[in-house]
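# Summary of the model geometry
The residues making up each chain are set out below.
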Amino acid sequence: MDRMITRQGQNKLDQRRLLGSHLTPVSVFQDYVLPDLKPLMHDHMFMDLFCGEGNLILPMLDLVPRSERTNYFRMHIFMCDADPEMVDKAISNASDYGIDHEVLETHITVRDSISSYPPMIDAGKTVHITNPPYLYVGHIMKHPEASFQASYFARDNEGYQDLYQLAMMNDLRHGIQKMFYVIPTNFLFADSASRKIRMDFLTRYNISKCRLFESRVFPHTGVNVGVFQFDLDQKGQHRKVEFDAVLENENHRVKRFILDSSNGFRPKMDLPKEQALTRGERLCAKFYLTIDEVRSSSGKSEVILVDSKNFSKGTYAKSTFFVDDRLDRRLRSNPLFVRTVDTGSENGRAGLHDIRKEFDADGIVVSGNTYRTNPIQLFVKPDLTREESVKLMHLFNNKLEKMRLESGSSFMTTYRYSSNPRYIRKYLGLKQVSAIISSFRREDLS
Ligand SMILES: C[S@@+](CC[C@H](N)C(=O)[O-])C[C@H]1O[C@@H](n2cnc3c(N)ncnc32)[C@H](O)[C@@H]1O
């Protein structure tokens, strides 16, 4: 990793972004982790395998008399990080606490701890306190500069969606019994972006404590995070996890979560009350117009379709097709598409958008595998008039914005981080789109 970083010769900021380097403020450790560590301090070991400058572990030493710190460190603390500069800073910070160099050289080391877990860890006695790197696998696969991280997601790690998930699975595989993790709240709320990790991890671990931050924690990323204390369930696997989370806003509201494996250990989405419908014709959403359907519906009506797989120089390619009346009618009564990812501009928010206005086309076709971050043709049942579709678009987008405002978008996956919260790009899952659409009745569109 060391060689890789310097060989690439990128500027430091980019490297840090690739390594997900968002250092936890010491106050987070002092307020939310330290009180639970105190009783464990003398009979446990503590490690941070993604230690950065050491903010999540070194302040423990404040509780140890200076003259005893070197010995305490030797017996109880182990840290590493893939970035040699971070390790140097951690060593320098530890040295300011009065720890001898000879101990620091062996107890704070450069290591790629995602691909190479440190040996000789006493799993029963070691507490992992960490804020691991966060980087979405989709970003890694799409960006050549992040490609060195692609191999992490091979073999046993196939299907996980973010670097932080690999860190957690490494701990699980090594039998670590207690962990404190600072991770994105997407871990709880996202659908496909964190279902697998929840299903594999939360069948084995309980969440003993949880704080969900509703305000900014890191100076360089607006991603919503939580501090989770995980404890291995000594009784074996389970299908339900219940815990109280403190929502760290002005009120410190406590919210009870009951997660069930039948729902992928995901909290039920909090839809506004009026969505619990009993009467009326519920709208139902289907997605994607495939090239096979277009080809098998050939006829005399001319339509222009956007090719969602063919994007170059900032625009999608369009092609003319001749389709039968049935598909022609179907396209005319379905003028909307789903934008699943915020583009980063005010007008480019995830939600429903008008195909004609956006692309000057009649529909959006997908050839081959569907790709969830490209524009996706929406089909709604029952068939709607154009006016009803436009009304649906507005109702949908208003509801989504309201839900985002109320929850800090925590039910959506972060697709691209940014130092400015307004430009953090979020991903909206198609199941979430379906759930919101099915909360409307046709009567709502008149
Ligand atoms: C989110 S920062 C957190 C640092 C520290 N735990 C804290 O909370 O202040 C993540 C750290 O993981 C390191 N990192 C990224 N990929 C790594 C890897 N494969 N192995 C070890 N460390 C890695 C980065 O250099 C960065 O310091």
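Let me begin by describing the structure that accompanies this report. (Residues numbered from 1 in each chain as written. Predicted model: local features only at pLDDT ≥ 70, side-chain atom pairs only at ≥ 80, totals over all residues. Heavy atoms only, no water.)

## Some thoughts on the sheet that holds strand β17 (residues 376–381)
Where we set the bar: Following DSSP output, two strands are said to pair if at least two bridges run between them. Put simply, DSSP marks the helices as runs of H or I at least four residues long and the strands as runs of E at least two long, and each gets a number from the N terminus on. For helices, the fitted line uses only the C-alpha atoms of the stretch in contact; every axis is such a line through C-alpha atoms, and the angle between N-to-C directions lies from 0 to 180 degrees.
Taking strand neighbours across the sheet as the criterion, the 4 strands line up as β10-β17-β14-β15 in an open arrangement whose pairing is antiparallel. The open sheet has two free edges, formed respectively by β10 (284–287) and β15 (351–354), since each of these has just one partner strand. When strand polarity is set aside, the average angle formed by the axes of neighbouring strands in this sheet is 40°. For β10 and β17, the ladder comprises 4 bridges, and the chain directions are antiparallel. Bridge pairing in β17 places F287 opposite L378.

## Here we look at helix α12 (residues 325–332)
Quick reminder: α-helices carry 3.6 residues per turn. Residues three or four places apart thus point the same way. Put simply, the rule is: Buried, partly exposed and exposed residues are distinguished by accessible area as a fraction of the type maximum, computed with a 1.4 Å probe on protein chains only: under 20%, between the cut-offs, and over 50%, respectively. Throughout, the arc means the angular range of directions from the helix axis out to the C-beta atoms.
Among the residues of α12, those classed as buried are L327, D328 and L331. Within α12, the buried residues cover an arc of 105° as seen down the axis, which keeps them to one side.

## Re the environment of S297
Applicable threshold: We call two residues in contact when some of their heavy atoms are within 4.5 Å.
Structurally, the position occupied by S297 is in the loop between α11 (291–295) and β12 (298–312). Sequence separation between S297 and L327 is 30 residues; the distance between their C-alpha atoms is 6.6 Å. If near-sequence neighbours (up to four positions away) are discounted, S297 is found in contact with F322, V323, D324, R326 and L327.

## Things to note about the site of the ligand
Our working rule: One heavy atom suffices: a residue is near a molecule or strand as soon as one of its heavy atoms comes within 4 Å of it. We define a polar contact as two N or O atoms separated by no more than 3.5 Å, with the added condition that, inside protein, one atom must be a possible hydrogen donor and the other a possible acceptor, whereas residues neighbouring each other in sequence contribute only through side-chain atom pairs. Polarity classes work like this: nonpolar for Ala, Val, Leu, Ile, Met, Phe, Trp, Tyr, Cys and Pro, charged for Asp, Glu, Lys and Arg, and polar for all others, with Gly in that last group.
The environment of the ligand is formed by 26 residues, the closest being G20, T24, F50, D81 and D112. A distance of 3.3 Å is found between a nitrogen atom of the ligand and a side-chain nitrogen or oxygen belonging to Y152. For the shell around the ligand, a count of residues per class yields 13 nonpolar, 8 polar and 5 charged.

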